[in-house]
Structure formats: C-alpha cells, structure tokens
Amino acid sequence: HAAGPGSWGPVEAWPVIPVGVFHLDDGRLLGFAAVQNDHFSTGGVPAENHNFTHASIWDPVTNSFENADLDGHDIFCPAMTFLPDGNVFMGGGGSSGNSYKVSLWNMATKSWERESDMNGGHWYGTGVATDNEVVVMQGDDQLISGSNDDNWIPEKSDGFDFSLPWTNLTDASFEGLINTNPAWYPQAHLLSNGEILISGTTNDMYVLDVSGNGTLTFAGKRNTVTEEQQAWGASTIMYKPGRILALGGIEGWTQQQNQPRTSLSRVIEIDARNPAAITTSFKSDMNFGRGFQNAVLGVDGKVYVFGGHQNGNQFDDDQSILTPEAWDPKTDTWELLTDMQTPRNYHASAILMQDGRIFVGGGGL
C-alpha cells in the first residue's frame, strides 16, 4: 500500500504465509510461518520436523524469493524484537518443546543462529529490548509433553550474550494483574528511563522495572470512562515519543467467540519528564469496529490500520473489514483508503518498508 494516494500493488503469492515479518537492512522482507508453510499444526508432520520454521525473504525490487527456513526452532507466534546491533531476537513460540528456545537472525550474515534456552516457555509472549537486555514476558509455557502451563514470570537476558543464563523477575509476576490469559501478548512499550509500560490487554496499566528481581507499579487505567476489562485483539502503536495509540479489540474478560468489537481508539500520553505520570484521553472513533487488525506508522506520521473483522472469531474471515483507514494525529480524523482484495485477520502482518510503502500479508493460517 502506497501511503497518500491509497493505491495497491498486485497481490503476490508467497512461498509461506507471513504470520510474522521483519525488514532486512537491504530493504528486503523476511516472512515466516510455522512447521508448515501454510499451517501451524504439526498434524501429519514427522516428529523430527516439529522443530522447524518455513521462512522466505522477499525482494520487492526483483519480486523474487530466497529460502530462509529455520531448522531446530518453530518460531510460530514468538516474542520478537530488534536488538540494538540490528539483529532480530526470536524467543519461544511454536509447538511442543519450542517455547523455551531462542534464535537470532544475524543481519550481517543473513542467517539464523540458535542460542541457549530461556528459563520458561513463552508462546504468544512479548519481547522488549532495552539498552541493556531483552525482557520476555508472559505466554504459554508449553512443555515437551504438549501441555500448556501459564507463565506469569517475566525474565531478562544477561546483556545481549544469549549463551548466559536468564534471570527470572520473580518479584514482578503478572498473575492476577495483567491479562486473564498469559498468551495474549502484553502490549508493552519501552519508556525513556529504561522501564517498560504494560498498557494492556487489561484495563489496569503497569510499569515494569527490570532491575534486580523486577518490580511492577500500577500506572493507572487505560480507559477511565468505563471499566473496560480487556482489549484482546487490539493494536497499540507508539506514533511519536511518549504517545501511544491503542485501538480496536474486544472488551470483555475472556477470549469469547462472536463478541462485538469496539471501534474506540485511545491515546495514552506519557509525560517524557516523568514516565510514571501517565494520562489517557479518547480520540475519534475508527469508521469500523475491528479485532485482529494491524497498525503501522507511515512516513507521513499517520497511523494506518489494515484488516481485522467484527465477529471476534480467530479462524474466520466472516465480517472482514477490507477498507483500511488512516488516523491523522494533527487533526484527530480518520480517512478511508482503497479497499484490499484479501481479508487480513488473525495471524496477518503489516510493516513499513524502506521505500515508504506498506506491506500487508498473511492471515488465514
């Protein structure tokens, strides 16, 4: 999608469904799926291939693909973050036995590197890189037996040497505080003082101090008008330093099906002089209620929202929203854009490319 005119290029067939995607330093995109190129299930896949990820690199200039499969680690729905050196961290995700694993994409060699395991499993967890370490929080602790155990304890790496043991932040358990299901990707943003704001999915916000054994400090409510319990399937994006736009998602305690989505968008303002002083305010509603949408910051400073649907079902394209829209923070207005051809819902991705265009793909896995 080209920001501004709102024109779409042709729909391109990829070798994999890009559930997750990140850009390389040369302008190409790497997209990854799971143990299968079009499905996350290990059904029918030989046991020796369960620790595997199908991935491809797309060159938007030549419209060509290069294989980038990862052997030894299924990174389906990992904790993913860029590191200060430009490499990409992948923690957990995947099927049985993969939620503890760590892999890095080495940007210089354009190859994967396997690292030592984390202490706990993180499937659908969130990763944040500070100046000093990587912090991974929440997710299912999926054991080799295949059972799912809740993992409420965040952990941090020892610097960026992932051969060293991880440290559990035992004094910063999320249990009973953040999310009612640990596998709901905590909505986390790094603050200017090195602490981490957890703004969802629950209405209560917290600041995580990762020093020592960790500390969680209550930071107010995201929605101060109504007692919104969850914003599951929502998007949060820091569109300028200290300001976060939270939009869409489902309001309710549980991951229920066929629940109405909210089109409310909220701005969380963080006082740059004191990141603990957080205020919230409502902004204009989107034109459509959405869940499982993706939000991207454009080169023009607008927030572009793609996909999502209104029925709340994970693996369902019914009531899909094909019309993207863009929010202008200067005017607090939403602009409807040219319709997409393909639904982009659960397990879809969107990312700003180096040439200013926006890539949208995946979904339906």
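Residues numbered from 1 in each chain as written. Predicted model: local features only at pLDDT ≥ 70, side-chain atom pairs only at ≥ 80, totals over all residues. Heavy atoms only, no water.

Caption draft 1: A look at the overall build of the protein. If you tally the helices and strands in the protein, you get zero helices and 30 strands. In the protein, which comprises 365 residues, the share counted as buried stands at 54%. A separation threshold of at least 6 residues defines the contact pool for the protein, and within that pool the share at least 24 residues apart is 50%. Here the protein has roughly 14500 Å² of accessible surface; of this, 48% comes from carbon and sulfur atoms. (Helix = DSSP H or I, 4+ residues; strand = E, 2+ residues; numbered from the N terminus. Buried < 20%, exposed > 50% of the residue type's maximum accessible area, 1.4 Å probe, protein only. Contact = heavy atoms within 4.5 Å. Areas by Shrake-Rupley, 256 points an atom, 1.4 Å probe, with all protein chains shown as cover.)

Caption draft 2: Here's a closer look at the sheet that holds strand 25 (residues 294-297). The strand order 25-26-27-28 describes an open sheet built from four strands, whose pairing is antiparallel. The two strands at the open ends of the sheet, each matched to only one other strand, are strand 25 and strand 28 (333-336). The sheet shows a mean angle of 25 degrees between the axes of neighbouring strands, direction not considered. Bridge count for strand 26 (residues 303-306) against strand 27 (residues 325-328) is three bridges, and the pairing is antiparallel. Among the inter-strand pairings, Tyr 304 is bridged to a residue of strand 27, identified as Ala 326. (Pairing = 2+ DSSP bridges. Axes fitted to C-alpha atoms, helices over the stretch in contact; angles between N-to-C directions.)

Caption draft 3: Representation of the sheet that holds strand 21 (residues 235-240) within the structure. Taken in spatial order, the four strands make up an open sheet running 21-22-23-24, and their pairing is antiparallel. Of all the strands in the sheet, just strand 21 and strand 24 (278-283) have a single pairing partner and so form its edges. Across the sheet, the mean angle separating the axes of adjacent strands is 25 degrees when strand polarity is ignored. The sheet contact formed by strand 22 (residues 243-247) and strand 23 (residues 265-270) spans five bridges and is antiparallel. Opposite Ile 244, over in strand 23, you have Ile 268 as the bridge partner.

Caption draft 4: Geometry of the layout of surface pockets. Of the volumes computed, that of the second largest pocket is approximately 660 Å³. Taken together, 29 residues make up the lining of the second largest pocket; nearest its centre are Pro 10, Val 11, Glu 12, Phe 359 and Val 360. Top element by residues in the lining of the second largest pocket is strand 30 (residues 358-362). It accounts for five residues. Per-class residue counts for the lining of the second largest pocket are 16 nonpolar, nine polar and four charged. (1 Å grid on protein atoms, 1.4 Å probe; cavity = no way out; pocket = protein on both sides within 12 Å on 5 of 7 lines; lining within 4 Å. Points joined across faces, edges and corners; volume = space filled by probe spheres on them. Nonpolar A, V, L, I, M, F, W, Y, C, P; charged D, E, K, R; others polar.)

Caption draft 5: Region of the structure containing the pairing of strand 1 (residues 20-23). Judged from the four bridges that link them, strand 1 and strand 2 (residues 29-32) form a sheet pairing that is antiparallel. Directly across from His 23, in strand 2, lies its bridge partner Leu 29. Here strand 1 folds back onto strand 2, and the loop between the two strands holds five residues, one of which, Gly 27, carries a positive phi near 95 degrees.

Caption draft 6: Expanded view of the environment of Asp 171. Mapped onto the secondary structure, Asp 171 falls in the loop between strand 16 (167-168) and strand 17 (187-190). Each C-alpha atom, one on Asp 171 and one on Val 210, is 9.7 Å from the other, the two residues being 39 residues apart in sequence. Sequence-distant contacts of Asp 171, that is, excluding residues within four places in its chain, are made with Asn 213, Gly 214 and Thr 215.

Caption draft 7: Highlighting the pattern of salt bridges. This structure, assessed with the given rule, holds eight salt bridges. With its nearest N and O atoms 3.0 Å apart, the salt bridge here joins Glu 66 to Arg 28. Of this pair, Glu 66 sits in strand 5 (residues 64-67) while Arg 28 is found in the loop between strand 1 and strand 2, placing the two residues 38 residues apart along the sequence. On the accessibility criterion, Glu 66 (38% relative accessible area) is partly exposed. (Salt bridge = Lys/Arg side-chain N within 4 Å of Asp/Glu carboxyl O.)

Caption draft 8: Fine view of the environment of Gly 242. Position of Gly 242 relative to the elements: it lies in the loop between strand 21 and strand 22. Judged by relative accessible area, which is 15%, Gly 242 ranks as buried. In the structure, Gly 242 is positioned 53 residues away from His 189 in sequence and 9.5 Å away in space, judged by C-alpha atoms. Not counting chain neighbours up to four residues away, the residues in contact with Gly 242 comprise Ile 268, Glu 269 and Ile 270.

Caption draft 9: Summary view of the pairing of strand 4 (residues 55-59). Most of strand 4 sits out of view: five of its five residues are buried. Pairing geometry for strand 2 and strand 4, over four bridges, is antiparallel. Opposite Gly 31, over in strand 4, you have Ser 56 as the bridge partner. The antiparallel hairpin formed by strand 4 and strand 5 contains four residues in its connecting segment, where Asn 63 sits at a positive phi of about 55 degrees.

Caption draft 10: The side chain of His 347, seen in detail. Inspection of the secondary structure assignment puts His 347 in the loop between strand 28 and strand 29 (348-352). The exposure class of His 347 is buried, given its relative accessible area of 9%. A polar contact is formed between the side chain of His 347 and the side chain of Tyr 124, at a distance of 3.0 Å. Excluding residues that lie within four positions of it along the chain, His 347 makes contacts with Pro 18, Val 19, Phe 76, Cys 77, Tyr 124, Phe 315, Gly 362, Gly 363 and Leu 365. (Polar contact = N/O pair within 3.5 Å; in protein donor to acceptor, adjacent residues only side chain to side chain.)

Caption draft 11: Spotlight on the nonpolar core. Residues Val 135, Met 137, Phe 174, Ile 196, Ile 198, Leu 208 and Leu 216 are the most contacted members of the largest nonpolar core, which totals 15 residues. Counting residues per element, the ones that place at least two in this core are strand 12 (134-137), strand 18 (196-200) and strand 19 (204-209). Counting residues in hydrophobic clusters, the runner-up holds 14 residues, among them Phe 32, Ala 55, Ile 57 and Val 88. (Core = buried A, V, L, I, M, F, W, Y, C linked by side-chain atoms within 4.5 Å.)

Coordinates in, geometry out; function isn't part of it.
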